[in-house]
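Inside the fold
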Number of protein chains: 2
Amino acid sequence: MLQAVGIISEYNPFHNGHSYMLNQAKEVTGADVSVALMSGNWLQRGEPAAYDKWQRTKAALLGGVDLVIELPLFSAVQPSHLFAKGAVDLAAQMKCRWLAFGAEHPQMDYQQLIDHQPENPESFKKFDRPYASIFQDYLYDQTGIRLNQPNDILGFGYAKANFDAGKPLQLVPLQRVGSQHDDVQIDHQGAIASASAIRQAIHDDDSGDLERVVPESTLAMIHHDRMMTWDDFWPFLRFELVENPVEKLHQIYQMTEGIEYRLKRAAIKAESFAEFLHLVKTKRYTYTRIQRLCTYVLLHAVSNDMLQTDGYVRLLGFNSKGQHYLNQIKGDLAVPLITKVNDDVVADTIQMDFRGGMLTQMINGQSQDFYRHPIIIE
Amino acid sequence: MLQAVGIISEYNPFHNGHSYMLNQAKEVTGADVSVALMSGNWLQRGEPAAYDKWQRTKAALLGGVDLVIELPLFSAVQPSHLFAKGAVDLAAQMKCRWLAFGAEHPQMDYQQLIDHQPENPESFKKFDRPYASIFQDYLYDQTGIRLNQPNDILGFGYAKANFDAGKPLQLVPLQRVGSQHDDVQIDHQGAIASASAIRQAIHDDDSGDLERVVPESTLAMIHHDRMMTWDDFWPFLRFELVENPVEKLHQIYQMTEGIEYRLKRAAIKAESFAEFLHLVKTKRYTYTRIQRLCTYVLLHAVSNDMLQTDGYVRLLGFNSKGQHYLNQIKGDLAVPLITKVNDDVVADTIQMDFRGGMLTQMINGQSQDFYRHPIIIE
C-alpha cells in the first residue's frame, strides 16, 4: 500500500521553495507519493493564476509532484477557514495520510487556538477594522499566541478543519524558508524567492534573477506562456460592475453592507484595476477581500455556487507513481473522479471551475475543460 | 412662432443622402427649424453606433440640422413598432408639426394597413419563420400592399403610432434616393451611398469613394475618430453569455423560447462575433433580432428597463435657430429637459442611455454623459 502526503498548493508559479518543501514533506513523512491539491485558475487571494491550471500542473509534475488534483474553485477562492476546510476534505477524500504545508511558525500550538474559539464571532463586525484582525486580537488575549502571518493563519485553518472532521489527516507544518510571502523583489543571492517576487520579476522581464529561483521547467513555461494578471480581466470586471444594476450586484456572494455601490462608483471612474482598487479600499476591507469579491463578480457567483458541499476529484495530471496510487484508491473514492469533461459534467459538477476556466480561456485562448485530458509525465 | 419638422435618424454616419433628405423635408414642409430625433450609442438593428452620439451630433449640426435630441435607448433599440412609437412620442413632445422620414414607397396607403391589423397576432408565432414575415403576408392578403422594405416598415410604424396617439404629427414620407439601405458597396458614381456601404468603405479604408458621398464634416470625423463595430464589444458579450447562468440570462428582455441556451453554447465556442452570429442564426430569428438581444445582454436590460413610458428630452446639440426654437417650447414641455447629467439624473431618468454610453466609453475612452454639455454650433 502506497502512503501519500497531500500538499496544498497554488504553484503560482512552481519555484525552488516549492521544490524544497516537496522534498521536506516526503522526507519528514516517509511518504511514497506526493499529491498536490492545487487551486485551478483563480486563487485564494482573489487573483487570477499567472499561468493556467494545465501549465502549472505540468510544471508541478516536472518539479517532482506525483499527482495533481484541482482544488475546486468554490473552495480555492475563499477566506482561509473555508479554503482550509475544502483542502482538508479533498486531501481526506484522496486518502492522504499526511497533509504538509509551509508556515511561518510551524511549532504553533494549533490545538490551544482551537480550544479558545470565540463564542460569538458575529460581535467582531466593526466598521473600521477587518474581521480577521479583531479575531486575531481575541485569540492573542485568550492564548498569548499571535496568529497574524498568512501561512500560519492557513495552518490554523487546516488544523481546525482537520479537528472538526475527526482528524482524518496527520498535519505536517514545515518551516517556510528563504523568503517572506510578501517579498516584492527577488533577493540578490540565494535560490529561493517568494512567488510574488517571482511574478514581479516576470513582469519586469528580469530573466537573470529568475534562473536562480525556479527550476528549468518553470523557466520554460515563463518563456513560452504569457503571464496573466488582474489587468487582463479588468475590462470584464469594469463592464460587469458598470452595466449590472446595484440590486443585481447585491446578489453576488459576499456582497454585503452596500459595498456594491462603492464598487460601481469606482468602476465608472477608474481607468485601471490599480486605480479601481485604490478607490474601493477602506480600513474595513482588505485588498484580498476586495479582490475575492471582484472574482465573484466575474464568476457571477451567488452563495449557492460558493457554498457547495458536493465534492469531486478533478484529475489534472500524474506520473507513473501517481497513477499507481490513483489505481490503489479509486475504488474507494466516495466522490466522483473527473478525468474528462462534457456538458453534463459542467452542468452537474464542475460548474464553477468551468466558469473560472472560461475567463482564463478568454484571455489566453486555451480551452481549460472541454477537450482537455490529464497531463501524463514519464 | 417657429414651426419644426422632426427627423427620425441614426446618422450612422451623416452622409449626403441625409443632407438631401433634410433639405427635402424643409422644402416640402416649409418648416423653420429641423429637429433630429437621433438614436444615441446603440441603434435599432442592435448595433453599436459607429461613432458616439457626440461625434454624430456634431456631424449632424455641421450638416445643417438645427437641434439634436437623443432618442432614448429604451426606444431606439426596439423592434420597429416600439421604435416608431418612441420616436413619434418624442417628436410630439418636442412640438414638431411634421415628422419626415425616408421610405422606399412613400405613397403607401398606411391608413389601409392600419385598418387591417390582425385581431390575434399571437397566432403568428411559428417555429420556422420570423414573426414579421408572417405579419407581412397577412397584411398583403388583407390589403394587397406589400410591406417588406425596412424603411416602409418603419414608416408604417410611425403612421400607426401617430394614429394611436391621436395624430399629433403630420407625416411626411420622402422618397429614398440613390441607394438601397442594404447596399454593401459605394456605387462608382453618384454622390449618395447607403450608411452601411459607407461603414464598409471606412472599414476598408477607402477614402477615395468616401469623399464623394459624405460632407466634409463627416469626412473629418471619419479621419479623426475610430469607427466602432460589434467586434469591439464581442469580448464583453462573450464574457456575459459564458459567465452568466442560463437562469439569469433568461431574465433578459426578449430572451424567450430558450434561446439563452443557444446563445451560451455559441458564445463558449465562437472566437469572433461573426462566428457567434452564424452559430446562433436560425430560420426563426433574424440577424437583427439576435443583435438586439445581444445588445440587451450587454446592457443587462430587463423588461422594466426597456418598456419605460416616462419620457424626457435629452439635448445633445443645437445651433442658434435650434436654440431659438428650444426657448420657444421649453416652457410647455410635459417631460424633463436634460442638459446636464449628475448621479440623480442617471439613477432616475437616463439609466439606460447611461449604460449604453458606458459601453461606448469603455471602447473609445470618451465620457458620454457625465461632464458632457450640449454641442453648440455658430
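Keep in mind that what you see is a predicted model, and the values were worked out from it rather than measured. (Residues numbered from 1 in each chain as written. Chains lettered and ligands numbered in written order. Predicted model: local features only at pLDDT ≥ 70, side-chain atom pairs only at ≥ 80, totals over all residues. Heavy atoms only, no water.)

**Things to note about the pairing of strand E4 (residues 98-103) of chain A**
All names here are of chain A. Counting buried positions along E4 yields 6 of 6 residues, so the element is predominantly enclosed. Residues Trp98, Ala100 and Gly102 line one face of E4 and the alternating positions Leu99, Phe101 and Ala103 line the opposite face, and both faces are buried. Judged from the 3 bridges that link them, strand E1 (residues 4-9) and E4 form a sheet pairing that is parallel. Within the sheet, the bridge partner assigned to Gly6 lies in E4 and is Leu99. (Buried < 20%, exposed > 50% of the residue type's maximum accessible area, 1.4 Å probe, protein only. Helix = DSSP H or I, 4+ residues; strand = E, 2+ residues; numbered from the N terminus. Pairing = 2+ DSSP bridges.)

**Some details on the environment of Leu154 of chain A**
Residue and element names in this part refer to chain A. For Leu154, the position within the fold is in helix H7 (residues 150-164). Considered as a pair, Leu154 and Ser19 are 135 residues apart in the sequence and their alpha carbons are 20 Å apart. Setting aside its immediate chain neighbours within four residues, Leu154 contacts Ser80, Phe83 and Ala84. (Contact = heavy atoms within 4.5 Å.)

**Some remarks on the packing of aromatic side chains**
Enumeration over the complete set of coordinates arrives at 32 aromatic pairs over all chains. Their ring planes at 50° and their centres at 6.2 Å tell us that Phe370 of chain A and Tyr371 of chain A sit as a pair that is tilted. With a centroid separation of 4.9 Å and 65° between ring planes, the pair formed by Tyr253 of chain B and Tyr296 of chain B is classed as edge-to-face. With Tyr253 of chain B in the loop between helix H12 (246-249) and helix H13 (259-269) and Tyr296 of chain B in helix H15 (residues 287-299), this pair connects stretches of sequence that are 43 residues apart. According to the relative accessible area criterion, Tyr253 of chain B is buried, its value standing at 4%. Here the guanidinium or amino end of Arg146 of chain A rests over the ring plane of Tyr140 of chain A, the centre of that ring lying 4.0 Å away. For Lys281 of chain B, the ring lying beneath its charged end belongs to Tyr287 of chain B, and the centroid distance is 5.3 Å. (Phe/Tyr/Trp six-rings, centres within 6.5 Å; stacked < 30°, edge-to-face > 60°. Lys NZ or Arg CZ within 6 Å of the ring centre and 35° of its normal.)

**Here's the deal with unusual backbone geometry**
The residue after Asn12 of chain A, namely Pro13 of chain A, is reached through a cis peptide bond having omega 0°. Structurally, Pro13 of chain A can be placed in the loop between E1 and helix H1 (16-29). Positive phi, normally seen in glycine, also occurs at Tyr371 of chain A, with a value near 70°. Structurally, the position occupied by Tyr371 of chain A is in the loop between helix H19 (351-364) and strand E8 (375-376). Within the chain, Gln254 of chain B stands out as a residue other than glycine whose phi angle is a positive 70°. Classification of Gln254 of chain B as partly exposed rests on a relative accessible area of 30%.

**Let's talk about the pattern of salt bridges**
One pass over the full model with this rule turns up 22 salt bridges over all chains. A salt bridge links Asp232 of chain A to Arg226 of chain A, with the shortest nitrogen-to-oxygen separation between them at 2.9 Å. Overall, Asp232 of chain A belongs to the buried group, its relative accessible area being 19%. Note that Asp369 of chain B and Arg314 of chain B form a salt bridge whose closest N and O atoms lie 2.6 Å from each other. (Salt bridge = Lys/Arg side-chain N within 4 Å of Asp/Glu carboxyl O.)

**Overview of the relation of the copies chain B and chain A**
Superposing chain B onto chain A takes a rotation of 180° combined with a translation of 0.0 Å along the rotation axis, leaving an RMSD of 0.0 Å. Both copies are brought into coincidence by an operation consistent with a two-fold rotation axis. Residue Phe236 of chain B of chain B places its C-alpha closer to the rotation axis than any other residue of that unit, at 3.2 Å. Counting the interface residues of chain B, we find that 100% of their copies in chain A are interface residues as well, pointing to one common contact surface. (Least-squares fit on C-alpha atoms with pLDDT ≥ 70 in both.)

**Observations regarding the environment of Thr286 of chain B**
Residue and element names in this part refer to chain B. Of note, Thr286 is situated in the loop between helix H14 (273-280) and H15. For Thr286, a relative accessible area of 32% translates into the label partly exposed. Residues Thr286 and Leu307, spaced 21 residues apart in sequence, show a C-alpha to C-alpha distance of 22 Å. Contact partners of Thr286, with chain neighbours within four places excluded, come to Pro130 and Lys281.

**Points about the interface of chain B and chain A**
Each side of the interface is counted separately: chain B has 23 residues, and chain A has 23 residues. At the boundary of chain B with chain A, total buried surface from both sides reaches about 2,200 Å², with 64% on carbon and sulfur atoms. The largest per-residue losses of area from chain B upon contact with chain A belong to Phe239, Glu243 and His300 of chain B, which jointly make up 31% of the total buried on that side. Summed over the shared surface of chain B and chain A, the result is 0 salt bridges. (Buried area = accessible area lost by both parts, 1.4 Å probe.)

**Remarks on helix H2 (residues 53-62) of chain B**
Residues and elements named next belong to chain B. Counting buried positions along H2 yields 8 of 10 residues, so the element is predominantly enclosed. The secondary structure elements touched by the buried residues of H2 are strand E2 (33-39), strand E3 (67-71), helix H10 (216-224), strand E6 (313-318), helix H19 (351-364) and strand E8 (375-376). Looking at where H2 begins, the residue whose side-chain oxygen comes 2.9 Å from the main-chain nitrogen of Trp54 is Asp52. Looking at the residues trailing H2, positive phi occurs at Gly64, about 115°. (Polar contact = N/O pair within 3.5 Å; in protein donor to acceptor, adjacent residues only side chain to side chain.)

**Some points on the domain arrangement of chain A**
Annotation of chain A at the domain level lists domain 1 (4-108 + 153-228 + 309-376), domain 2 (117-146) and domain 3 (230-305). Using C-alpha coordinates to define each centre, domain 2 of chain A is positioned 26 Å away from domain 3 of chain A. (Domains from an automatic or database assignment.)

**What about helix H4 (residues 80-93) of chain A?**
Residues and elements named next belong to chain A. Counted at 1.5 Å a residue, the expected span for H4 with its 14 residues is 20 Å, and the 20 Å between its end C-alpha atoms agrees. Looking only at H4, the buried set comprises Phe83, Ala84, Gly86, Ala87, Val88, Leu90, Ala91 and Gln93. A positive backbone phi angle near 60° is found at Lys95, which sits one or two residues after H4. (Expected span 1.5 Å × (residues − 1).)

**Points about the nonpolar core**
Counting residues in each nonpolar core, the largest one holds 98 residues, and the members touching the most others are Leu237, Phe276 and Leu298 of chain A together with Leu237, Phe276 and Leu298 of chain B. Setting aside chain neighbours within four positions, we find Phe276 of chain B in contact with Trp234, Leu237, Leu241, Leu263, Ala266, Ala267, Ala270 and Cys294 of chain B. (Core = buried A, V, L, I, M, F, W, Y, C linked by side-chain atoms within 4.5 Å.)

**Things to note about the pairing of strand E1 (residues 4-9) of chain B**
All names here are of chain B. Buried residues dominate E1, accounting for 6 of its 6 residues. Of the two faces of E1, the one lined by Ala4, Gly6 and Ile8 and the one lined by Val5, Ile7 and Ser9 are each fully buried. Pairing of E1 with E2, which is carried by 6 bridges, proceeds in the parallel orientation. Among the inter-strand pairings, Ile7 is bridged to a residue of E2, identified as Ala36. Regarding the hand of the β-α-β motif, the stretch spanning E1, helix H1 (residues 16-29) and E2 is right-handed. (Right-handed = clockwise from strand over helix to strand, strands pointing away.)

**A few points about the side chain of Ser34 of chain B**
Take Ser34 of chain B: it is sitting in strand E2. Filtering out sequence-adjacent residues up to four positions away, Ser34 of chain B remains in contact with Val5, Ile7, Leu22, Lys26, Gly64, Val65, Asp66 and Leu67 of chain B.

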